[in-house]
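# Examining the three-dimensional arrangement
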Amino acid sequence: MQSQPRPSMKEHRQPDAPVPVRVCVRLRPCSKDSEPCVRGLDSRSLELVNWRNAKETFKYQFDTFYGDTATQQDVYCSSVQPILHHLLQGQNASVLAYGPTGAGKTHTMLGSPQQPGVIPRAVRDILHMVREAGCGPDGHNCSYSVSMSYLEVYQEKVLDLLEPSGRDLVLRETPDRSIMVTGLTEQELSSFHDFEKHFLLASRNRTVASTGLNSRSSRSHAALVLRVAQSRPLVPARSAKLQLVDLAGCEDNRLTGNCGLRLRESSVINTSLLVLGKVVDALRLGRPRVPYRDSKLTRLLQDSLGGSAHSVVIAHVAPEQRFYFDTLTTLNFATRSKQVVNKPFAPGALPEPAAEKTLQKENSDKQKQSTSKEGPLVAEKPLGALLPLDQLEPSLVQRVLRLEELERQQGAGHRGLPLLGTPKAERKALLRCLEETQAELEMRQQQKELEAKELLRAASTPEPPQAIVLPMRQVPIPQKRAPPTEDEGILVLKRRSDPGGTENAVPSWELTRCQELMVRGHQKLLELLNQGSTRELLSLKRIGPRTAELIMAWREQHGPFVTLQDLQRMETMTAKKVATLIKANTLDCIQMLLPPGPSALSLFS
Ligand SMILES: Nc1ncnc2c1ncn2[C@@H]1O[C@H](COP(=O)(O)OP(=O)(O)OP(=O)(O)O)[C@@H](O)[C@H]1O
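- Per an unreviewed UniProt entry, the chain is named Kinesin-like protein KIF22 isoform X2, and its organism is Alligator sinensis.
- Here the chain is described in UniProt, under the heading Subcellular location (unreviewed entry), as follows: "Cytoplasm, Cytoskeleton".
- Per UniProt, the chain carries the Sequence similarities (unreviewed entry) text "Belongs to the TRAFAC class myosin-kinesin ATPase superfamily. Kinesin family."

### Some remarks on the overall build of the chain
- Looking only at helices and strands, the chain features 16 helices and 21 strands.
- The contacts in the chain between residues at least 6 apart in sequence include a share of 70% that link residues at least 24 apart.
- Accessible area of the chain: about 29500 Å², with a carbon and sulfur share of 54%.

### A look at the nonpolar core
- Counting 46 residues, the largest nonpolar core has L48 and L276 as its most contacted members.
- Ranked by the residues each element gives to this core, the list is headed by helix α8 (residues 324-337), at 5 residues.
- Aside from chain neighbours lying at most four places away, what touches L276 is Y98, L247, L297, T298, L301, L305 and F333.
- Within the second largest apolar cluster, 45 residues are counted, among which are F195, F199, V228 and A240.

### Let's talk about helix α1 (residues 72-88)
- Spanning 17 residues, α1 covers 24 Å between terminal C-alpha atoms, matching the ideal 24 Å at 1.5 Å per step.
- Taking the largest bend as the criterion, α1 deviates by roughly 40 degrees, centred on V80, and proline P82 comes between one and four positions later.
- The buried fraction of α1 amounts to 17 of the 17 residues, a majority that puts the element mostly inside the structure.
- After α1 finishes, the residue G90 shows a positive phi value of roughly 85 degrees.

### Here we look at the sheet that holds strand β4 (residues 45-49)
- As summarised here, the arrangement of the 3 strands in space is β3-β4-β5, forming an open sheet in which the pairing is antiparallel. Of all strands in the sheet, those with a lone pairing partner are β3 (38-40) and β5 (57-61), marking the two edges. Between one strand axis and the next, the sheet turns through 20 degrees on average, direction left out of account.
- Summarising the sheet, β3 and β4 pair through 3 bridges and their orientation is antiparallel. Within the sheet, the bridge partner assigned to V38 lies in β4 and is L48.

### Side note on the packing of aromatic side chains
- Counted by the stated rule, this structure contains 5 aromatic pairs.
- When the centroid spacing of 5.6 Å and the interplanar angle of 40 degrees are considered together, the rings of F192 and F195 count as tilted. Note that F192 and F195 are positioned in helix α4 (residues 192-203) at a spacing of 3 residues, about one turn of the helix. Each of the two residues, F192 as well as F195, counts as buried.
- Relative to F199, the ring of F195 lies with its centre 5.0 Å away and its plane at 20 degrees, an arrangement referred to as stacked. With F195 and F199 both in helix α4, this residue pair falls 4 residues apart, about one helical turn. Neither residue differs from the other here; F195 and F199 are each classed as buried.
- Clustering of aromatic rings is evident, with ring pairs tying together Y150, F192, F195 and F199.
- For R124, the ring lying beneath its charged end belongs to F192, and the centroid distance is 4.3 Å.

### Comments concerning the packing of helix α12 (residues 515-531) against helix α15 (residues 575-593)
- Running from N to C, α12 and α15 point in directions that differ by 100 degrees, and their axes come no closer than 8 Å. The angle between α12 and α15 places the two elements in the roughly perpendicular class. Listed contacts from α15 to L517, M518, R520, G521, H522, K524, L525 and L528 of α12 are L581, I582, N585, T586, C589, I590, M592 and L593.

### Re α15
- Along its 19 residues, α15 runs 26 Å from first to last C-alpha, staying within 8% of the 27 Å computed at 1.5 Å per residue.
- At N585, α15 shows its largest bend, some 35 degrees.
- Among the residues of α15, K577, V578, L581, I582, A584, N585, T586, L587, C589 and I590 are the ones counted as buried.

### Quick notes on the side chain of T185
- Within the fold, T185 resides in the loop between β11 (179-182) and β12 (187-189).
- Only 2.5 Å separates the side chain of T185 from the side chain of D160, close enough to count as a polar contact.

### What to know about unusual backbone geometry
- Although it is not a glycine, Q155 sits at a positive phi angle of roughly 50 degrees.
- Within the fold, Q155 resides in the loop between β8 (143-154) and β9 (157-160).
- For Q155, a relative accessible area of 28% translates into the label partly exposed.

### Considering the environment of D246
- With respect to the helices, strands and loops of the structure, D246 is situated in strand β16 (residues 235-246).
- For D246, the residues in contact, after removing those within four places along its chain, are A97, K105, T106, M109, R206, S218, S220, H221 and A222.
- Of the polar contacts made by the side chain of D246, one reaches the side chain of T106; its length is 2.9 Å.

Definitions and cut-offs
- Residues numbered from 1 in each chain as written.
- Predicted model: local features only at pLDDT ≥ 70, side-chain atom pairs only at ≥ 80, totals over all residues.
- Heavy atoms only, no water.
- UniProt positions renumbered as here; feature names shortened; annotations may be inferred.
- Helix = DSSP H or I, 4+ residues; strand = E, 2+ residues; numbered from the N terminus.
- Contact = heavy atoms within 4.5 Å.
- Areas by Shrake-Rupley, 256 points an atom, 1.4 Å probe, with all protein chains shown as cover.
- Core = buried A, V, L, I, M, F, W, Y, C linked by side-chain atoms within 4.5 Å.
- Buried < 20%, exposed > 50% of the residue type's maximum accessible area, 1.4 Å probe, protein only.
- Expected span 1.5 Å × (residues − 1).
- Bend = angle between axes of the 7 residues up to and from the residue.
- Pairing = 2+ DSSP bridges.
- Axes fitted to C-alpha atoms, helices over the stretch in contact; angles between N-to-C directions.
- Phe/Tyr/Trp six-rings, centres within 6.5 Å; stacked < 30°, edge-to-face > 60°.
- Lys NZ or Arg CZ within 6 Å of the ring centre and 35° of its normal.
- Parallel < 35°, antiparallel > 145°, perpendicular 65-115°, else oblique.
- Polar contact = N/O pair within 3.5 Å; in protein donor to acceptor, adjacent residues only side chain to side chain.

Shown next as structure tokens:
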């Protein structure tokens, strides 16, 4: 492995001062058969073509932008190496590789023997720093030790990769609010050779598989944890950890072609990344509740985002047009992450080890030389033909048009740059729309699965006739019994009145409409929307955490909704959405009004 220059990037901050998460973006080289839709502008900015207007681009700026010619060393030296010295001061640090599948996360984190990535470089540097610091000339008699753990979060289970047992390990918060994994194996490292030995074996245990977009796609989020423990006479021992996280990539399964287990893995991955986005939003908007506990991944990353670590997010983008939507989502996630602020602290300050200073200076000189030799990190490349809608993948066009429609309904459709060129409020609304579209797609998928299960169950277990209340669209309407004027109402199965019937006669049944029930169902729904707690709102269909929050805020500001249609007055609620919400919940609300069990029958018989 090449020797690593160490740039003088150490932040001049007060100890324990808040530190924003550092966000970098890395662009993977474009495959030969495709035109890029994104390009770098300088060492901090890039632009992405605007799907609505071929003459415009969206511009983004980050702490660093690495173009497709940037080397592994560039990425490591300017983004990761500068945070390592905090470990010797007892503070935590984290590096998160984020991005869609196939965009180069594993390449950055792990690399190859020819192009080693962040992980081997960081291990080598830490071992070196620790060795130098232990016998430094500063007079402090301080000894350090380094250990490693390696885990993956697969299908919402935290699994030990060093000693795999298949057991789901428990995540716990320590009194200093750090997250620890109980029962996770730790291996002491005294040399780089030790690391290679353990890591290579453990890497074989990580779940990877071939998908339509990556022949070695990570099916789990993997975290290498390096713990630096220090002990000095008469001072309590303390330790700090470096988390190096290779996140699994979000996947568009229309592109991956996943099915079966791969599809299930993918859905769990996408859900955990959705929660990650929500955590970032909650932190940057200063919300009182941050949903760390909604997924194992976010619980594990609690230190790294909004916690006590010095964190770096390296967002990865793939330049090909078929990844356009993923690129847009990734860049928006990266933009939001820039607003997250961490509060690193160490129990008591340690003087800075002299060795670390020496290393910094040494590497700063080397870096200057290397930068001047290698030139800028961004390659000048022409953008490919911009994206006329008819050349985009149909599902993408659909999503894009839907977004445009939502935007138009909010009165922002005439503006050129929906995300960056618009005022903050509109931008927020658009991001919300994007998110809700994604959430809605997920919900639709879940609903389909539930419906399929329910059909299967119904087919296999014939049930005695009971009172059945079904939403109108699910029941074929017998023409004779449903007069055309009564096109609103709930269909109920009702025992036919039989005045002369005997006790043993088989009862006959008929389907009739009941408008009164529908009205009562709507009233119940309105009551829940006006008086329900967040939990009750979330129990309604088509209401996710964001909508529940909006409803609560609306009630507080404007008072109760007078009719269900008033929901349309909320931002992001369209007439269609409201209609779907009402349709999805009416039946449940009616059922809430009925006495439980077979006694419900008496209402109709
Ligand atoms: N900067 C780069 N330079 C050269 N090759 C790259 C670069 N980034 C990625 N690649 C190549 O692209 C392919 C996909 O990269 P990689 O496996 O790292 O993606 P990933 O984001 O980790 O995907 P997944 O989420 O599916 O695991 C690999 O063959 C990798 O070597």
